[in-house]
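Structure at a glance
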Amino acid sequence: MTKEEIKKELRQRLRDTYALELEDAGPVELFYSLGGLIKAISNEKWHKTWKNYLTEEQKQVYYFSIEFLPGKLLKSNLLNLGILNEVRTTLADIDVDLEELAEVEKDMALGNGGLGRLASCFMDSIASCGLPGNGNGIRYDYGLFKQQFVDGYQVELPDEWLKRGNVWEIRRESKACDVKLFGNVYMKRLANGKLQPVAENQTTVRAVPYDTGMIGYQNGIVNTMRLWSVEIPISEEAKYQSLDERRTVEDLTAVLYPDDSQESGRLVRLAQEYFFVSAGIQSIIRYYKKLNLPWHSLSEKIAIHINDTHPAMCVPELMRVLVDENGLNWEFAWDITVKVLSYTNHTIMAEALEKWPIYLMKIVVPRIYQIIEEIDRRYVTTLQGIHSQDLIQRTRPLQNDQVYMAHLAIIGSHSTNGVAKIHSDLLKSIVLHDFYVIYPERFNNKTNGIAERRWLQLANEPLANVIDELITDSWRKTPQDLKLLMNYQNDEAALTKIREAKLVKKEELANYILKTTGIEVSSNAIFDVQIKRLHAYKRQLMNLLHILKLYFEIKDNPEMDITPRVFIFGAKAAPSYTYAKSIIKAINEVANMVNTDRSLQDKIKVVFLPNYNVSLAEKIIPAADVSEQISLASKEASGTSNMKLMLNGAVTIATLDGANVEIRDAVGDDNIYIFGLTEKEVYDYYEKQDYSSQKIYDEDENLRRILDAFVDGTIPNIEFEGQEIYDALLKFNDEYFLLRDFHDYVKAQEQINQDYKDSMLWQKKSLANIANAGNFSADDTVKAYAEDIWQIEPIFAHTEKEGTTNG
Ligand code: GPV
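Bear in mind that the values here come from a model prediction, so they are computed numbers and not experimental data.

1. Describing the overall build of the protein
A count of helical and extended segments in the protein gives 32 helices and 25 strands. Computed over the C-alpha atoms, the radius of gyration of the protein is 27 Å, within 12% of the 28 Å expected from 2.2 N^0.38 for a compact globule of 807 residues. Dimensions of the protein, computed from the C-alpha atoms along their principal axes, are close to 95 × 70 × 55 Å. Counting across all 807 residues of the protein, residues that qualify as buried make up 51%. Here the analysis covers contacts within the protein between residues at least 6 apart in sequence; of these, 76% occur between residues at least 24 apart.

Below, the structure is given as structure tokens:
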């Protein structure tokens, strides 16, 4: 598209929708007009892509996820359509800053953290690799809460992201499905002797899909992310006499549950899970029936992926649709179901492994519960004589009056994968070992990845431009080409350019920090970043203990030789997670204490940026020097911010947990700071049960002073929170071994303090991280899923060449 064409289109749209001339339009009108233009361009490709899948009858994957976290889409869509530069310069001609327009868009925050963001990186990569794949999820009216700090406490405000409408979505009323919940189901014997389920008093709700085009990177492909929203069917309107009664139905897709790696156990959450599973499965089967193929070919045309256990009811729902609605016999339907479904596990944390009370299942999804009972019964009978009674009992879906959702997902699918090597190994050896004994061939690893388009090309243009200069722009299509940067390891000029690019982003972040918090930070300081959900196992508290250590040292010795450091945090806590909230309060109080103490001479600063989300991540990550990945070994399934930070040249300080292990392997020991217990040592402690945090406290004077600061008034205004933290670390024996790892952590931090002073040494480490980040491209991850698990192939029959490669 030429500049003139873009201008003409914008002019027309502004007139038609707002009765405005280009020159008089504000950012909001311009944003919506530009969004409309993008949609018009991509809709044509979307339609073509869809027609192509249909005529080629290509096998497609449906990625079922209760969370998607796309963030903002304006710049990403422009980049992927190959018109980012043209649009930017066209707008500049009329004195409009594209960045200002981009700020108008609300983050689409229909997820909590890593799990939802992974789903969105996958959507970008699936389209960009030309793979036929679609998302299936929930269109929450309110996304993840907005976080504010009031007196250092987290306050949660509703996220009204739909207030001004959502330009990207298309409501497809004609594709709506009915979903049935509640009521009673009994089995009726038919004349032919067969049993048939009969439902009474069910509640029927309407699932209306809103589709968003997932635009591939300059390849003409546009896939679909389908999010379902609940409505009251017109035929049922009369049943709802009051607004209150209507609201109980409308509440179904009102809010995203704000728990990260923690189950909520609420009835509405269970109904949400069934709602998007049932609507998704019904629409897939409706599509398949249009193809007029025999049922046994279903697994040749359709793959369905279960992203964590939240969509695990795919197993009984697909069985229900095949058996109850289409008359297939159980064995045949089961064979198809197992072939079609696959499952990813994202955690080993017991509290995140979903178990639903049977009584709740019976209330919310009575027929589904019956089918689960039958799955359980047949599971037990089939394994009789093959495996021990104990093993069978331990692996059943039904135990202790609960439905074990992970068991259901594993038994009802042909593939179970973890999200990093160490995590997948732990699944096999410990967490899901029983299932590994029964189904060894079902287990595999797919290390997570990230969409480098968003996390480097869009978020960090200064660095992206330097990389182009050094190695040409082939890495933009093939992230593995970043490896070519290794040729510049000893090239001072190149290293300096990369450092200067980092400085640009640090200055931008420093300005943002000043504007939003009033805290002044120097871009010459080390920017030390920990960004992720607030969780005890992620050990933000250990980071804080280190900050307190430095604080006391500088107080004792004001002339101490230390590279100035800014500790930057971004983290939301689940509203019900009081311990995590106490840690937020403590970090904020320490920040206040440190930042206002002139005697520290700006040697350390602490910044807790509120409302961490995708857009804030895009500001913080390019500016980071140090990446904190300090979870207790074995607890972080993978992590993905670790990958985004390395891609942007941050050097990692890490435990050997999750994907950190593979990052270490990729960059080598010299380019990462590894410390702390290994996963094996952690499990040894569990076995021997001989850990004593009290002992460490008693023997370490410095640590005593740090911990006492939480309860002796040193850190102000945390009477309650300080005691809670102190008790967790001492009275309750420090569940995540912070005190055990602290000493080692401090040593690694001291090494960073030393190394950073030698700027070429540091830049070399930084370079090695950028160069090897191509190993963690989500493009490769989804290709591996496509080949090993989904058995789908890329389609490029209708591709067209567009734009320039750097958009
Ligand atoms: I389970 N994860 C998450 O964000 N929410 C959840 O409910 C569950 C897992 C995360 C893991 O904690 C990360 O280690 C991982 O990188 C991410 O999922 C994506 O796999």
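2. Comments concerning the site of the ligand
Surveying the vicinity of the ligand reveals 19 residues, the closest of which are G114, L115, H346, A637 and S638. Each of two domains, domain 2 (61-72 + 110-414) and domain 3 (452-771 + 782-787), supplies a minimum of three residues to the shell around the ligand.

3. Here we look at the nonpolar core
Y274, F275, C314, V590 and V607 are the most contacted members of the largest nonpolar core, which has 237 residues in total. With nine residues, the single largest contributor to this core is helix α8 (residues 267-290).

4. A few points about the domain arrangement of the protein
For the protein, the assigned domains read domain 1 (1-56 + 80-106), domain 2 (61-72 + 110-414) and domain 3 (452-771 + 782-787). Computed from C-alpha coordinates alone, the two centres of domain 1 and domain 3 are separated by 38 Å.

5. Overview of unusual backbone geometry
With a phi close to 50°, E57 is a non-glycine residue in the positive phi region. Taking the number of C-beta atoms within 10 Å as the measure of exposure, E57 has 12 and is therefore exposed. If you check the backbone angles, F737 has positive phi at about 55° while not being a glycine. By secondary structure assignment, the location of F737 is in the loop between α29 (719-729) and α30 (738-757).

6. Observations concerning the pairing of strand β6 (residues 153-157)
Looking at chain direction, strand β5 (residues 146-150) and β6 are connected through five bridges and run antiparallel. Its bridge partner being in β6, F149 is matched across the sheet by Q154. Following β5, the chain reverses through two residues before pairing antiparallel with β6; D151 in that reversal takes a positive phi of roughly 55°.

7. A few points about the confidence of the model for the protein
With 99% of its residues at a pLDDT of at least 70, the protein reaches an overall mean of 96. Segment residues 797-807 is flagged for pLDDT under 50; beyond a separation of four residues in sequence, or across chains, it makes 25 contacts in the model. Among the prediction metrics, the complex's ipTM stands at 0.96, with pTM recorded as 0.97.

8. Quick word on helix α25 (residues 660-667)
Within the sequence span of α25, burial applies to N660, V661, I663, A666 and V667. Structurally, α25 contributes buried residues whose contacts are with α16 (421-431), β23 (626-629), α24 (641-647), β24 (651-654) and α31 (759-772). In the segment just after α25, G668 is the residue with positive phi, at about 85°.

9. Section: the sheet that holds strand β22 (residues 604-608)
One open sheet holds the six strands; their spatial order is β22-β21-β20-β23-β24-β25, and the pairing between them is parallel. Two strands in the sheet have a free side with no partner beyond their single neighbour: β22 and β25 (673-674). As paired strands, β24 and β25 are joined by two bridges and run parallel to one another. If you follow I653 over to β25, its bridge partner there is Y673. Running at roughly 145° to β22, helix α22 (residues 578-595) makes contact with β21 (565-570) and β22 of the sheet.

10. A short note on the packing of helix α6 (residues 114-128) against helix α32 (residues 778-790)
When two helices pack together, their arrangement is given by the angle between the helix axes and by the axis-to-axis distance. The contact between α6 and α32 brings their axes to 9 Å, and the two run at 75°. Taken as axis vectors, α6 and α32 run roughly perpendicular relative to one another. Here C121, F122, S125, I126 and S128 of α6 lie close against α32, whose contacting residues are A778, D779 and V782. Across the contact of α6 with α32, the residue classes tally to five nonpolar, two polar and one charged.

11. Overview of the environment of L110
Relative to the assigned elements, L110 resides in strand β3 (residues 108-110). Distance from L110 to Y142, taken between C-alpha atoms, is 7.9 Å for residues 32 residues apart in sequence. Setting aside its immediate chain neighbours within four residues, L110 contacts E67, F68, L69, G116, G137, I138, Y140, G143 and L256.

12. Structural notes on the packing of helix α10 (residues 314-325) against helix α11 (residues 330-340)
Look at α10 against α11: their axes get within 9 Å of each other, and the N-to-C directions meet at 135°. One finds that α10 runs oblique with respect to α11. The crossing of α10 and α11 is right-handed. Contact with α10, carried on its side by V315, L318, M319, L322 and V323, involves W330, A333, W334, I336, T337 and V340 of α11 and no other residues of that element.

13. Details of helix α2 (residues 27-56)
Compared with an ideal rise of 1.5 Å per residue, which puts 30 residues at 44 Å, α2 spans 42 Å between its outermost C-alpha atoms and is within 8% of the ideal. Where α2 bends most, the angle comes to about 25°, and this point is S42. Residue E57 follows α2 closely and has a positive phi angle near 50°.

14. Considerations on the environment of S413
Looking at where S413 falls in the secondary structure, it is placed in the loop between α15 (405-411) and β18 (416-418). With 24 C-beta atoms counted inside 10 Å, the residue S413 sits in the buried group. Along the backbone, S413 and L341 are 72 residues apart, and their C-alpha atoms lie at a distance of 4.7 Å. If we ignore the near neighbours within four places in the chain, the residues touching S413 are I306, V338, L341, S342 and Y343.

Thresholds, definitions, all that
- Residues numbered from 1 in each chain as written.
- Predicted model: local features only at pLDDT ≥ 70, side-chain atom pairs only at ≥ 80, totals over all residues.
- Helix = DSSP H or I, 4+ residues; strand = E, 2+ residues; numbered from the N terminus.
- Rg over C-alpha atoms; globule rule 2.2 N^0.38 Å.
- Buried ≥ 20, exposed ≤ 12 C-beta atoms within 10 Å, placed from the backbone.
- Contact = placed C-beta atoms within 7 Å.
- Near = placed C-beta within 6 Å.
- Domains from an automatic or database assignment.
- Core = buried A, V, L, I, M, F, W, Y, C linked by C-beta atoms within 7 Å.
- Pairing = 2+ DSSP bridges.
- pLDDT = per-residue confidence, 0-100.
- Axes fitted to C-alpha atoms, helices over the stretch in contact; angles between N-to-C directions.
- Parallel < 35°, antiparallel > 145°, perpendicular 65-115°, else oblique.
- Nonpolar A, V, L, I, M, F, W, Y, C, P; charged D, E, K, R; others polar.
- Left-handed = near helix turned anticlockwise from the far one by under 90°.
- Expected span 1.5 Å × (residues − 1).
- Bend = angle between axes of the 7 residues up to and from the residue.

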